[in-house]
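Listed below, chain by chain, are the residues.
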Amino acid sequence: MLKVLLGGVIVGLLHESPQGLTLILLGIVFLKFFRHRHNENFLRYKYRVVAGMLVSFCLGAFSEWLGTENGWWVYHLYENTKVKFPPWVPVAWAIAYRIIFELEENWFSRLPALKKILAISLAALLLPPLGEIIAMHLGTWRYTFEPQFLMMPLQAVILIALVHLLCNYLVKLSTQGKTNT
């Protein structure tokens, strides 16, 4: 949860410098990979982590394009521009995948299948909105449809969780039965 809170604050404070924020987030991604390159757990799941981050990056970019193109939410710096969302957003989606993956592997891995699915679903429902609410309160973007609770419509919370869960499912499906996945 600390990672999500810190991520929301970093995004909220640095959103007015989108290229700088993108470089910082990419730096966090590469630093994390470099720091854990010899970690046994990372080596065991490196392909799944990389694949998941790439899938999440792509699904996140598509979701952002769809949402901003339809006016469901607006990034304040991009309200009157041709580009509708900042370059750091898909990187943030990739990092979110990594956080949920780490939760799954480090905290939920020993749970029975049903409890594990419920725990991952609950994490996907609660953690991304927490970071978003912080970033939104710091002026990054706003949702344009109602009703909202803490600046977020329930539909957005559910759709974000579904995208994260879809990404997780696609990666598990594509890496099932392979070694070093």
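Parameters at a glance
Residues numbered from 1 in each chain as written. Predicted model: local features only at pLDDT ≥ 70, side-chain atom pairs only at ≥ 80, totals over all residues. Heavy atoms only, no water. Helix = DSSP H or I, 4+ residues; strand = E, 2+ residues; numbered from the N terminus. Rg over C-alpha atoms; globule rule 2.2 N^0.38 Å. Buried < 20%, exposed > 50% of the residue type's maximum accessible area, 1.4 Å probe, protein only. Contact = heavy atoms within 4.5 Å. Areas by Shrake-Rupley, 256 points an atom, 1.4 Å probe, with all protein chains shown as cover. Phe/Tyr/Trp six-rings, centres within 6.5 Å; stacked < 30°, edge-to-face > 60°. Lys NZ or Arg CZ within 6 Å of the ring centre and 35° of its normal.

A. Just the overall build of the chain, in detail. Helix and strand counts for the chain stand at six helices and four strands. Traced from its N-terminal end to its C-terminal end, the chain shows the element sequence α-α-α-β-α-α-β-β-β-α. Taken over C-alpha atoms, the radius of gyration comes to 16 Å for the chain, in line with the 16 Å a tight globule of 181 residues would show. Principal-axis analysis of the C-alpha atoms places the extent of the chain at approximately 50 × 35 × 25 Å. Scored against the burial criterion, the 181 residues of the chain give a buried share of 44%. Put simply, 70% of the contacts in the chain that link residues at least 6 apart link residues at least 24 apart. A total of about 10500 Å² of accessible surface is found on the chain, and carbon and sulfur atoms cover 70% of it.

B. Looking closely at the packing of aromatic side chains. Enumeration over the complete set of coordinates arrives at six aromatic pairs. Taking 5.7 Å as the distance between ring centres and 65° as the angle between the ring planes, the aromatic pair formed by Trp 73 and Tyr 143 counts as edge-to-face. Taken as a pair, Trp 73 in strand E1 (residues 73-75) and Tyr 143 in strand E2 (residues 141-143) lie far apart in primary sequence, 70 residues in all. Exposure class is identical for Trp 73 and Tyr 143. Each is buried. Summarising the aromatic geometry, the rings of Tyr 143 and Phe 145 are spaced 6.2 Å apart at their centres and angled 80° between planes, so their arrangement reads as edge-to-face. Judged by relative accessible area, which is 21%, Phe 145 ranks as partly exposed. An aromatic cluster is built from Trp 73, Tyr 143 and Phe 145, whose rings are joined through pairwise contacts. Sitting above the plane of the Phe 33 ring, Arg 98 keeps its charged end 5.1 Å from the centroid.

Just distances and angles here, no functional claims.
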